[in-house]
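This is what each chain is made of:
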Amino acid sequence: MQQFNIQPVDLRLSEAIEQKIDNLNKPKGSLGRLETLARQICLVQQTLSPTLSHPCHLLLGGDHGIEHEGVSVSPREVTWQQMVNFTHGGGGVNMFCRQHGFELHIVDMGVDHDLSAVESIENRKIARGTANFLQGPAMTEQQYWQAIETGASLVDSCAHEGCNIVCIGEMGIGNTSPSSIWMSLFGNIPLNECIGAGAGLNDEGIRHKCQVLQEAVERYLKTNKTISYKDEQENTRYAIRYFGGFEMVGAIGAMLRAAERQMLVMVDGFIMTACMLAASRLYPAILDYAIFGHCGDESGHQRMLALMNAEPLLHLGLRLGEGTGALCAYPIIESAVRMINEMNNFDHANITKYF
């Protein structure tokens, strides 16, 4: 079993960071969120001169047994087709990675298709999709730990190459369903208030999705009552593996390892926010390392962000997934770092400090 040592950021540099930001030749607080971001990055890296090095994007793919219940407008073959498309550079994620200088890692965590011959896809397949959680847990305990450890090892590889900021995205038809359930369970929110259209369900499709997911949760709650847990963390892990996809649990492992290594973690849209919510229920200190890039159009996303007191950098109405919203926010993160490192201060600029 993989355990993580995630510590809250050390706040002893806070005063020095504040002084440096306030002494930049600008009105106090005039750069708003850039100042907040700079403080966070300085605290994570424990320095007054932060850097962003070798940014990496992990794109994790997996299929979901619950898709067989008609909870998504897209068929499951779209997962593997898009994974192959990414290797040709034709996806939204490819464009943004090229634009912002991210090294893209495309990883098969559990796609229901043989992708082993596609050299550009890293084969870390746990199984060809999860089980249908309408009938029972989506994955076994062994599969859960394999997904966690795989995600952690992917971050280790990025760190070995000099990466100190990682972005994580997903490709998996049906993965808004487990995301909605996690939001409900971990946020104590009625399930029907957490379910949206996903990739484009109509009203009848949403009603069917609600019915299927409600039945699955009721079965889970009955099962849950028969299990004795030592602590709340074990209870959380069971909820994660009961509903999660391999790509989602892999993302949680990646997030946890990145925080353990004091790396910045860029969080994308509804699905990745659900993964960060789940990760924060396991290790609350992970939120010190999280930068929420984007709030999308999926129903309940803003509400889920509020559960973590998270303020996304962008509101662009995106709902593509793949990590695209977070990648779009990267220039803002870079601007925060440039601000604290490159702006002149009042003393050097010979400008009267008037506050």
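About the thresholds
- Residues numbered from 1 in each chain as written.
- Predicted model: local features only at pLDDT ≥ 70, side-chain atom pairs only at ≥ 80, totals over all residues.
- Heavy atoms only, no water.
- Axes fitted to C-alpha atoms, helices over the stretch in contact; angles between N-to-C directions.
- Helix = DSSP H or I, 4+ residues; strand = E, 2+ residues; numbered from the N terminus.
- Parallel < 35°, antiparallel > 145°, perpendicular 65-115°, else oblique.
- Contact = heavy atoms within 4.5 Å.
- Nonpolar A, V, L, I, M, F, W, Y, C, P; charged D, E, K, R; others polar.
- Expected span 1.5 Å × (residues − 1).
- Phe/Tyr/Trp six-rings, centres within 6.5 Å; stacked < 30°, edge-to-face > 60°.
- Buried < 20%, exposed > 50% of the residue type's maximum accessible area, 1.4 Å probe, protein only.

(A) Representation of the packing of helix α2 (residues 32-45) against helix α12 (residues 324-342) in the model. Running from amino to carboxyl end, α2 crosses α12 at an angle of 80°, the nearest separation of the two axes being 8 Å. Judged by the inter-axis angle, α2 sits roughly perpendicular to α12. Facing Leu 34, Glu 35, Leu 37, Ala 38, Ile 41 and Cys 42 of α2, the residues of α12 in contact are Ile 332, Ile 333, Ser 335, Ala 336, Val 337, Met 339 and Ile 340. For the contact of α2 with α12, the per-class residue count stands at 11 nonpolar, 1 polar and 1 charged.

(B) Looking closely at α2. Here α2 is 14 residues long and its end C-alpha atoms lie 21 Å apart, about the 20 Å a rise of 1.5 Å per residue gives. Elements that come into contact with the buried residues of α2 comprise α1 (14-22), β5 (264-267), β6 (290-292) and α12. The positive-phi residue at the C-terminal boundary of α2 is Gln 46, with phi of around 55°.

(C) Seen up close, unusual backbone geometry. For His 54, which is not glycine, the phi dihedral falls at a positive 45°. Mapped onto the secondary structure, His 54 falls in the loop between α2 and β1 (56-62). With phi around 50°, Asn 309 is a residue other than glycine that occupies positive phi space. On the secondary structure map, Asn 309 appears in the loop between α11 (301-307) and α12.

(D) Broad picture of the packing of aromatic side chains. Under the definition given, this model contains 10 aromatic pairs. Judged by centre distance (6.5 Å) and plane angle (35°), the ring pair of Trp 182 and Phe 186 falls under tilted. Taken as a pair, Trp 182 and Phe 186 lie in helix α6 (residues 176-187) at a separation of 4 residues, close to a single helical turn. A residue is classified by how much of its surface remains accessible, and Trp 182, at 0% relative accessible area, is buried. Owing to a relative accessible area of 13%, Phe 186 belongs among the buried residues under this scheme. An aromatic cluster of at least three residues, connected via ring pairs, comprises Phe 133, Tyr 220, Tyr 238, Tyr 242 and Phe 243.

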